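# Descriptive analysis of the structure
Given next are the chains, with one letter for each unit.
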Amino acid sequence: MKKIEAIIKPFKLDEVKEALQELGVQGMTVIEAKGYGRQKGQTELYRGAEYVVDFLPKIKIEVVIADDQLDRVLEAISGAARTGRIGDGKIFISDVLDVMRIRTGETGPAAV
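Basis of the calculations
- Residues numbered from 1 in each chain as written.
- Predicted model: local features only at pLDDT ≥ 70, side-chain atom pairs only at ≥ 80, totals over all residues.
- Heavy atoms only, no water.
- Pairing = 2+ DSSP bridges.
- Helix = DSSP H or I, 4+ residues; strand = E, 2+ residues; numbered from the N terminus.
- Axes fitted to C-alpha atoms, helices over the stretch in contact; angles between N-to-C directions.
- Contact = heavy atoms within 4.5 Å.
- 1 Å grid on protein atoms, 1.4 Å probe; cavity = no way out; pocket = protein on both sides within 12 Å on 5 of 7 lines; lining within 4 Å.
- Points joined across faces, edges and corners; volume = space filled by probe spheres on them.
- Buried < 20%, exposed > 50% of the residue type's maximum accessible area, 1.4 Å probe, protein only.
- Salt bridge = Lys/Arg side-chain N within 4 Å of Asp/Glu carboxyl O.
- Polar contact = N/O pair within 3.5 Å; in protein donor to acceptor, adjacent residues only side chain to side chain.

Moving on: the sheet that holds strand β2 (residues 29-35). If you walk across this open sheet you meet the four strands as β2-β5-β1-β6, and the pairing is antiparallel. In this open sheet, the two strands that pair with only one neighbour each are β2 and β6 (89-95). Strand-to-strand twist of the sheet, defined as the mean angle between neighbouring strand axes without regard to direction, takes the value 20°. Direction of pairing for strand β1 (residues 2-8) relative to β6: antiparallel, over a ladder of seven bridges. By the bridge assignment, E5 is partnered in β6 with F92. In the packing of helix α2 (residues 70-81) onto the sheet, contacts are made with β1, β5 (56-65) and β6, and the angle to β1 comes to roughly 5°.

If you want it as structure tokens, here you go:
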């Protein structure tokens, strides 16, 4: 199993969610986050004064999938989240050793 953590622009959440649902991805966790990468924040103007916003609003999506879904899920997320501009985000992939459904005690892929 793999854990996918995708950091995306907030307005792309619905598109990414729909793309994952079309693949049959059953669940996801969505976290509102703030951060920056190469774009190093942005300059804003407020009442005539400039100031730098270091941390930009982002969305972090976490999903756990079967190994054989990896390529399709990566393609779906990157395709739905891409704008072609700096700050589109990143996708992190980790191995998941095991998972347990709390309600039933199921473990492994059946619990996902």
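If you add up the space inside the largest pocket, you get close to 380 Å³. Taken together, 20 residues line the largest pocket, and the ones lying closest to its centre are G27, V63, V64, I65 and V112. For the lining of the largest pocket, the element with the highest residue contribution is β5, accounting for four residues.

Both faces of the sheet carry side chains from a regular strand, because those side chains alternate between them. Burial analysis of β1 places five of its seven residues in the buried class, which makes it a mostly covered element. Both β1 and β5 contribute to a ladder of seven bridges, which runs antiparallel. Considered in β5, the bridge of E5 is made with E62.

Glancing now at the pattern of salt bridges. Taken as a whole, this structure holds seven salt bridges when the rule is applied. Taking the shortest distance from any N to any O, the salt bridge between K2 and D95 comes out at 2.3 Å. With a gap of 93 residues between them, K2 in strand β1 and D95 in strand β6 connect regions that are remote in the sequence. Residue K2 is classed as buried on the basis of its relative accessible area of 18%. When its relative accessible area of 57% is taken as the criterion, D95 is described as exposed.

Before going further, it helps to examine the side chain of D88. Tracing the backbone shows D88 in the loop between α2 and β6. Judged by its relative accessible area of 17%, D88 is buried. Reaching out from D88, the side chain makes a polar contact with the side chain of T83 at a distance of 2.4 Å. Here the side chain of D88 touches G84 through a polar contact of 2.9 Å, landing on its backbone nitrogen. Leaving out residues up to four positions away in the same chain, D88 has contacts with I7, I8, K9, A81, R82 and T83.

None of the figures reported here should be taken as evidence of function without further support.
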